[in-house]
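Chain and residue survey
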Amino acid sequence: MTLRLSDFDAVTFDVYGTLIDWEPSIAKFLTRWARENRIEADAEALIMAFDGARAAIQKERPAHLYPDVLTKCFERICAQFKVAVDPDLRRQFAAAPHTWPAFADSHAGLVRLQASAKVGAFSNIDQASLNTSCDNLDFRFDLVVTAQRVGAYKPDWPHFDTGIGELMRMGIPRERILHVGQSLRADITPANRLGVRCAWVNRPGRLLGLSGEGAAEAKPDLTVSSLAELVAALTGADQPATTLV
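Structural notes, computed from the coordinates. Keep in mind it's a predicted model, so treat the numbers as computed, not measured.

Cut-offs and rules
- Residues numbered from 1 in each chain as written.
- Predicted model: local features only at pLDDT ≥ 70, side-chain atom pairs only at ≥ 80, totals over all residues.
- Heavy atoms only, no water.
- Helix = DSSP H or I, 4+ residues; strand = E, 2+ residues; numbered from the N terminus.
- Rg over C-alpha atoms; globule rule 2.2 N^0.38 Å.
- Areas by Shrake-Rupley, 256 points an atom, 1.4 Å probe, with all protein chains shown as cover.
- Lys, Arg positive; Asp, Glu negative; His and termini not counted.
- Charge placed at Lys NZ, Arg CZ, Asp CG, Glu CD.
- Buried < 20%, exposed > 50% of the residue type's maximum accessible area, 1.4 Å probe, protein only.
- Polar contact = N/O pair within 3.5 Å; in protein donor to acceptor, adjacent residues only side chain to side chain.
- Pairing = 2+ DSSP bridges.
- Axes fitted to C-alpha atoms, helices over the stretch in contact; angles between N-to-C directions.
- Contact = heavy atoms within 4.5 Å.
- Parallel < 35°, antiparallel > 145°, perpendicular 65-115°, else oblique.
- Nonpolar A, V, L, I, M, F, W, Y, C, P; charged D, E, K, R; others polar.
- Core = buried A, V, L, I, M, F, W, Y, C linked by side-chain atoms within 4.5 Å.
- Domains from an automatic or database assignment.
- Right-handed = clockwise from strand over helix to strand, strands pointing away.
- Salt bridge = Lys/Arg side-chain N within 4 Å of Asp/Glu carboxyl O.

**Structural notes on the overall build of the chain**
- When its secondary structure is counted, the chain shows 10 helices and six strands.
- A compact globule built from 245 residues would reach a C-alpha radius of gyration of about 18 Å, and the chain, at 18 Å, matches this within 12%.
- With the C-alpha coordinates of the chain rotated into their principal frame, the extents come out at 55 × 35 × 35 Å.
- Carbon and sulfur atoms form 50% of the exposed surface of the chain, whose accessible area is close to 10600 Å².
- Side chains of the chain carry 27 positive and 30 negative charges; the gap between the two charge centres is 2 Å.

Here is the structure:
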């Protein structure tokens, strides 16, 4: 299968891990915390502890705002490693989304896609944090669906139901939507189940969202290693080769 941008009227994105490079910042924070508390755990183990705590907390209903998710994640990681919670570090961790940088290829890729299609964000985040990330991206989405807005977290379906419904009211049918994400669990799996074509941005060295609920069965229509590679594949530009799955 070959995907082309001309096949789509809308491209929707996961934001964190796909456009915003959050994982190194989380790993650095937790590695410093572990070292200060004499915890023998490497960055990968700490990231996976975060991923497991995050996935469990995001299933809780009523849904928590994302800063509260991060607060609870930090508390659970402290409990897992039998360390007392430092209130100042907990506050820093909860506010971390405002410090996470964009990937170097995000802005140019989004602008190129928006020249030909509506570009949306389906994000497991609160609106205030996303506003900061949009400033870091120097980009404004045509459609925004946050966890705060729908009261749920992907891989639950409210992001997709809400976003697809709004795009359909714009005259864009489901088959003309491409969803793009780094998380197999939160983005590729639900897109598969809802019959939405999808691209997996498998950023090198990243772990978040690659395991857990449904991840092993995820089947992206296109796999790339960067947003620049995705744009090249969709536009037929002479850029690094893509892998079709």
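Here the narrative resumes, following the displayed structure.
**Topic: the side chain of aspartate 21**
- Relative to the helices and strands, aspartate 21 is located in the loop between strand 1 (10-13) and helix 1 (23-36).
- A relative accessible area of 15% places aspartate 21 in the buried class.
- Separated by 3.1 Å, the side chains of aspartate 21 and arginine 206 make a polar contact.

**Quick look at the sheet that holds strand 6 (residues 222-224)**
- Read from one edge of the open sheet, six strands run 3-2-1-4-5-6, paired in parallel fashion. Bordering the open sheet on either side are strand 3 (143-146) and strand 6, each of which pairs with just one other strand. Neighbouring strand axes in the sheet, compared pairwise and without regard to direction, differ in orientation by 20° on average.
- Both strand 5 (residues 197-201) and strand 6 contribute to a ladder of three bridges, which runs parallel. Opposite alanine 199, over in strand 6, you have leucine 222 as the bridge partner.
- Where helix 9 (residues 184-194) meets the sheet, its contacts fall on strand 4 (177-181) and strand 5, and the angle it forms with strand 5 comes to roughly 160°.
- In the packing of helix 10 (residues 227-235) onto the sheet, the strands contacted are strand 1, strand 4, strand 5 and strand 6, and the crossing angle to strand 6 comes to about 135°.

**Let's talk about the packing of helix 1 against helix 2 (residues 43-58)**
- Viewed as axis vectors pointing N to C, helix 1 and helix 2 meet at an angle of 110°, and their least axial separation amounts to 9 Å. Viewed along their axes, helix 1 and helix 2 adopt a mutual orientation that is roughly perpendicular. Across from Glu23, Ile26, Ala27, Leu30, Thr31, Trp33 and Ala34 in helix 1, the residues of helix 2 making contact are Ala43, Leu46, Ile47 and Phe50.
- In terms of residue class, the contact of helix 1 with helix 2 is built from nine nonpolar, one polar and one charged.

**What to know about the nonpolar core**
- By size, the foremost hydrophobic cluster in this structure holds 61 residues, and its most contacted members are Phe13, Trp33, Phe50 and Phe141.
- The residue makeup of this core includes at least three contributed by each of domain 1 (5-21 + 105-235) and domain 2 (23-98).
- For phenylalanine 13, the contacting residues outside a window of four places in its chain are Thr18, Leu19, Leu110, Leu113, Val119, Gly120, Ala121, Phe122, His179, Val180, Leu227 and Leu230.
- Formed by 18 residues, the second largest nonpolar core is a distinct cluster that contains Ala10, Leu143, Phe160 and Ala215.

**Considerations on the pairing of strand 3**
- Bridge analysis of strand 2 (residues 118-123) against strand 3 gives four bridges, and the strand direction is parallel. Bridging from a neighbouring strand, serine 123 pairs with threonine 146 of strand 3.
- Note on the crossover from strand 2 through helix 6 (residues 127-137) to strand 3: the handedness is right-handed.

**Regarding the pattern of salt bridges**
- For the structure shown, the criterion picks out 14 salt bridges.
- The salt bridge involving aspartate 9 is made with arginine 176; its shortest N-O contact spans 2.9 Å. Placement of the pair is aspartate 9 in the segment before strand 1 and arginine 176 in the loop between helix 8 (158-169) and strand 4, with a sequence separation of 167 residues.
- By relative accessible area, aspartate 9 is classed as partly exposed at 29%.
- Classification of arginine 176 by relative accessible area gives partly exposed; the value is 25%.
- A salt bridge links aspartate 51 to arginine 185; its shortest N-O distance comes to 2.9 Å. With aspartate 51 in helix 2 and arginine 185 in helix 9, this residue pair connects regions lying 134 residues apart in the sequence.
- Looking at arginine 185, the relative accessible area reads 7%, which means it is buried.
- Ionic contacts of the salt-bridge type, sharing partners, join the residues Asp14, Lys154 and Asp187 into one network.

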